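Fold and geometry: a report
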Amino acid sequence: MRRLAYIFLIPLFVIGGNVNAQFAKPLPKKQDSWAEAQYSVGIIGGLSATRWIHQGGANTVFEQPLTTIALDSTFLTTALNNALVGITVQKKLGDYHAVGLDVIYANRNTELSNKYISSNSIEHHSIKIRNHSNIQYSELLFQIPITQYLTNSTKAIRPYIFIAPRVTIPLQGSIDLEKDSFVTGFSMFSRNNSGTNPQSIPNSNTTDSLSAPQSIPISNTTDTLSARNMYRWNIGAVVGLGIQFRIPVGSYYFDTKLDASCHLGLLNTYSKYERGLVTKKDSKGNDILDPNGNPVLDLPINLNTGSPIDPSLLGKRYISNATVKLTLLFPIKKIQKDACFNWGEYD
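If you're wondering where the values come from, they're calculated on a predicted model, not measured in any experiment.

Attention now goes to the confidence of the model for the protein chain. Of the residues in the protein chain, 71% have a pLDDT of 70 or more, and the chain-wide mean is 79. Confidence, expressed as mean pLDDT per element, reaches its minimum in the protein chain at helix α3 (residues 188-193) with 39 and its maximum at strand β5 (residues 146-149) with 97. Every residue in residues 19-25 scores below 50 in pLDDT, and together they form four contacts with partners more than four places removed in sequence or on other chains.

Turning our attention to the nonpolar core. By size, the foremost hydrophobic cluster in this structure holds nine residues: Trp-52, Leu-112, Ile-135, Tyr-137, Ile-175, Leu-177, Leu-225, Met-230 and Ile-319. Residue assignment for this core shows that the elements contributing at least two residues are β4 (126-143) and β6 (157-184). If you look at the next biggest cluster of nonpolar residues, it comprises six residues, including Ala-98, Tyr-149, Tyr-160 and Phe-162.

The subject of this paragraph is the pairing of strand β8 (residues 234-249). Here β8 pairs with strand β9 (residues 252-265) via 14 bridges, running antiparallel. In the strand pairing of β9, Gly-236 is matched with Gly-265. Following β8, the chain reverses through two residues before pairing antiparallel with β9; Gly-250 in that reversal takes a positive phi of roughly 65°.

Our next topic: the packing of aromatic side chains. Applying the stated criterion to the full structure yields six aromatic pairs. A centroid spacing of 6.2 Å and a plane angle of 55° characterise the contact between Trp-52 and Tyr-137, whose relative ring orientation is tilted. Residue Trp-52 is located in strand β1 (residues 39-55), and its partner Tyr-137 is located in strand β4; the two are separated by 85 residues in the primary sequence. The pair Trp-52 / Tyr-137 is uniform in exposure class, with both members buried. Plain terms: the ring middles of Phe-254 and Phe-330 are 6.4 Å apart, the flat faces sit at 40° to each other, and that makes the pair tilted. You can see Phe-254 sitting in strand β9 and its partner Phe-330 sitting in strand β10 (residues 316-332), a full 76 residues away along the chain. One residue, Arg-228, lies across the ring of Tyr-273, its end atom 3.8 Å from the ring centre.

Moving on, we get to empty space enclosed by the protein. The final tally for this structure, using the stated rule, is four cavities of 30 Å³ or more. What lines the largest cavity is a set of 17 residues, among which Thr-88, Gln-90, Asp-102, Pro-145 and Lys-257 lie closest to the centre. Of all elements in the fold, only β2 (83-93), β3 (97-117), β6, β9 and β10 reach the threshold of two or more residues within the lining of the largest cavity. Sort the elements by how many residues they give to the lining of the largest cavity and β3 lands first, with four residues. Tallied by class, residues from the lining of the largest cavity come to eight nonpolar, five polar and four charged.

Conventions we followed
- Residues numbered from 1 in each chain as written.
- Predicted model: local features only at pLDDT ≥ 70, side-chain atom pairs only at ≥ 80, totals over all residues.
- Heavy atoms only, no water.
- pLDDT = per-residue confidence, 0-100.
- Helix = DSSP H or I, 4+ residues; strand = E, 2+ residues; numbered from the N terminus.
- Contact = heavy atoms within 4.5 Å.
- Core = buried A, V, L, I, M, F, W, Y, C linked by side-chain atoms within 4.5 Å.
- Buried < 20%, exposed > 50% of the residue type's maximum accessible area, 1.4 Å probe, protein only.
- Pairing = 2+ DSSP bridges.
- Phe/Tyr/Trp six-rings, centres within 6.5 Å; stacked < 30°, edge-to-face > 60°.
- Lys NZ or Arg CZ within 6 Å of the ring centre and 35° of its normal.
- 1 Å grid on protein atoms, 1.4 Å probe; cavity = no way out; pocket = protein on both sides within 12 Å on 5 of 7 lines; lining within 4 Å.
- Points joined across faces, edges and corners; volume = space filled by probe spheres on them.
- Nonpolar A, V, L, I, M, F, W, Y, C, P; charged D, E, K, R; others polar.

Quick look at the structure:
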């Protein structure tokens, strides 16, 4: 009988001890709205400026604007041509570091112009041929930003720097090619005494010297962005700096990040066709062979002469971007509820 009593008393003591320990626990504290979450998701929006960098080759001196965003009535259109949107996921690594994944859809726009002097057909003047390209395309990019914050997570304002590897995939676009001629260098003597038909000289009926180049359109064509004029993917590196603002909302918060960065593509973006690595095919898809049995190359065409060119004359082409973007981050964190908050409180 005594043994049976012990069997019932032992579980009773265990249960009583657990209940006492439960009441002895400190009361739940209100969740700190500044406590940083381990993970955050966000949306990205921004503007960029694109530049194509040419190295080597026969003619790599191109005039390019710093940006094609115009501060006039076309601002909205030109801004959209250079806009980007995306999503991001960020993970906290300690109090001063974070790593993320950005997936961004970006519009790219730039202009290229170059000129060369043709042979002089009229005394005392020169003819310059200008090739102007308006390049508009879109791309999908993936980058992994590694962020170094300069202050800890308790601060409302946190400056930071970051680096990121980037993979870029061009999607679609076009290259508008305009070809103009510019006649310069006329003098009153040359127009009155050269014996040239005045109809062939711009403004030749006047006696004033030609003080500004006269533009004469030659041709205007559009080339679709494809594997024939753009390498199908690229890798690059990004470096940037910015500032983060934290805004608490009750027991929650969200972050806004404003930063500027520069990107440099590391691969030559001339396509295999432009580099002379594509062979001509017959109707059955087989290589066309020369009399010696070697595949015939499908060489790129010179826009000025319409003739095939030596691929080595192209040199290399790299693509870079400067970007300003705004990111809105939403932390993934469990918001504590007060279901048991009053349990254990006493008057």
